[in-house]
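Chain by chain, the residues run as shown.
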Amino acid sequence: MFHPDGAYSGLAVDDLEAAHRFYADTLGIRVEVLEGSGFLMLHLASGGRVLVYGKPHHEPASFTVLNFPVADVEAAVDDLRSRGVDTKIYDDENFPTDSRGIMREGGPLIAWFRDPAGNVLAVLEE
């Protein structure tokens, strides 16, 4: 019988080792290697989980696949940039952002960045 309890999302990458390093070392997320499966499981501080799997000929998502709520977007962007993460990924024609990649109009303060596979992630102020 179907039960939605325990559901989690997933995303594809083209290089599991690069994804493991980025999510664990750069972002500080606990990453579990699911032995024998070729998958990684991200364990988020919120209790959520995200399955990461390798996909040949991966095409990165053109939309945000994972949002990280933060109390202060400016501080989060400074922190990400100090870790070598580029937060200015869109040109201003598509999404008007400041020089650090923060969009300040039309919703919560938000800045986007990419994982090594090109998937779009974001920090947004709550």
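It should be emphasised that the depicted structure is a prediction, and the values quoted were computed from it without experimental measurement.

Parameters and conventions
Residues numbered from 1 in each chain as written. Predicted model: local features only at pLDDT ≥ 70, side-chain atom pairs only at ≥ 80, totals over all residues. Heavy atoms only, no water. UniProt positions renumbered as here; feature names shortened; annotations may be inferred. Helix = DSSP H or I, 4+ residues; strand = E, 2+ residues; numbered from the N terminus. Salt bridge = Lys/Arg side-chain N within 4 Å of Asp/Glu carboxyl O. Buried < 20%, exposed > 50% of the residue type's maximum accessible area, 1.4 Å probe, protein only. Pairing = 2+ DSSP bridges. Axes fitted to C-alpha atoms, helices over the stretch in contact; angles between N-to-C directions. Contact = heavy atoms within 4.5 Å. Phe/Tyr/Trp six-rings, centres within 6.5 Å; stacked < 30°, edge-to-face > 60°.

## A closer look at the UniProt feature "domain: VOC" (unreviewed entry) in the chain
- This chain's UniProt record puts "domain: VOC" (unreviewed entry) on residues 3–126.
- Spanning residues 3–126, this segment combines 17% helix with 33% strand, and its end C-alpha atoms are found 30 Å apart.

## What to know about the pattern of salt bridges
- This structure, assessed with the given rule, holds five salt bridges.
- Residues Glu74 and Arg100 are paired through a salt bridge, measuring 2.9 Å at the closest nitrogen-oxygen approach. Taken together, the positions of Glu74 in helix H2 (residues 73–82) and Arg100 in the loop between H2 and strand E6 (102–103) put the pair 26 residues apart, joining distant regions of the chain.
- When its relative accessible area of 29% is taken as the criterion, Glu74 is described as partly exposed.
- Among the ionic pairs, Asp98 bridges to Arg104, the shortest N-O distance being 2.8 Å.
- You can call Asp98 partly exposed: its relative accessible area is 22%.
- Overlapping salt bridges, with partners in common, bring together Glu74, Asp78, Asp98, Arg100 and Arg104 in one network.

## Notes on the sheet that holds strand E4 (residues 49–54)
- Within the open sheet, the four strands sit side by side as E1-E4-E3-E2. Their pairing is mixed. One side of each edge strand has no neighbouring strand; the edge strands of this open sheet are strand E1 (9–13) and strand E2 (30–34). When the angles between neighbouring strand axes are averaged without regard to direction, this sheet yields 25°.
- Relative to strand E3 (residues 39–43), E2 is paired through five bridges, and the arrangement is antiparallel. In the strand pairing of E3, Val31 is matched with Leu42.

## Focus: the sheet that holds strand E7 (residues 110–114)
- Read across the sheet, four strands follow the order E5-E8-E7-E6 without closing on themselves; strand pairing throughout is mixed. The open sheet has two edge strands, strand E5 (64–70) and E6, and neither has a second partner.
- Taken together, the two bridges between E6 and E7 define a ladder with antiparallel strand orientation. Its bridge partner being in E7, Ile102 is matched across the sheet by Ala111.
- Seen against the sheet, H2 touches E5, E6, E7 and strand E8 (120–125) and runs at an angle of roughly 140° to E8.

## With respect to the packing of aromatic side chains
- What the rule picks out here adds up to four aromatic pairs.
- Where Phe39 meets Tyr53, the ring centres are 6.4 Å apart and the plane angle is 75°; that geometry is what we call edge-to-face. Residue Phe39 is located in strand E3, and its partner Tyr53 is located in strand E4; the two are separated by 14 residues in the primary sequence.
- Exposure remark for Phe39: the relative accessible area of 32% places this residue in the partly exposed category.
- Looking at Tyr53, the relative accessible area reads 31%, which means it is partly exposed.
- Relative to Trp112, the ring of Tyr90 has its centre 5.3 Å away and its plane inclined at 80°; by these criteria the two rings are edge-to-face. Taken as a pair, Tyr90 in the loop between H2 and E6 and Trp112 in strand E7 lie far apart in primary sequence, 22 residues in all.
- What makes Tyr90 buried here is its relative accessible area of 15%.

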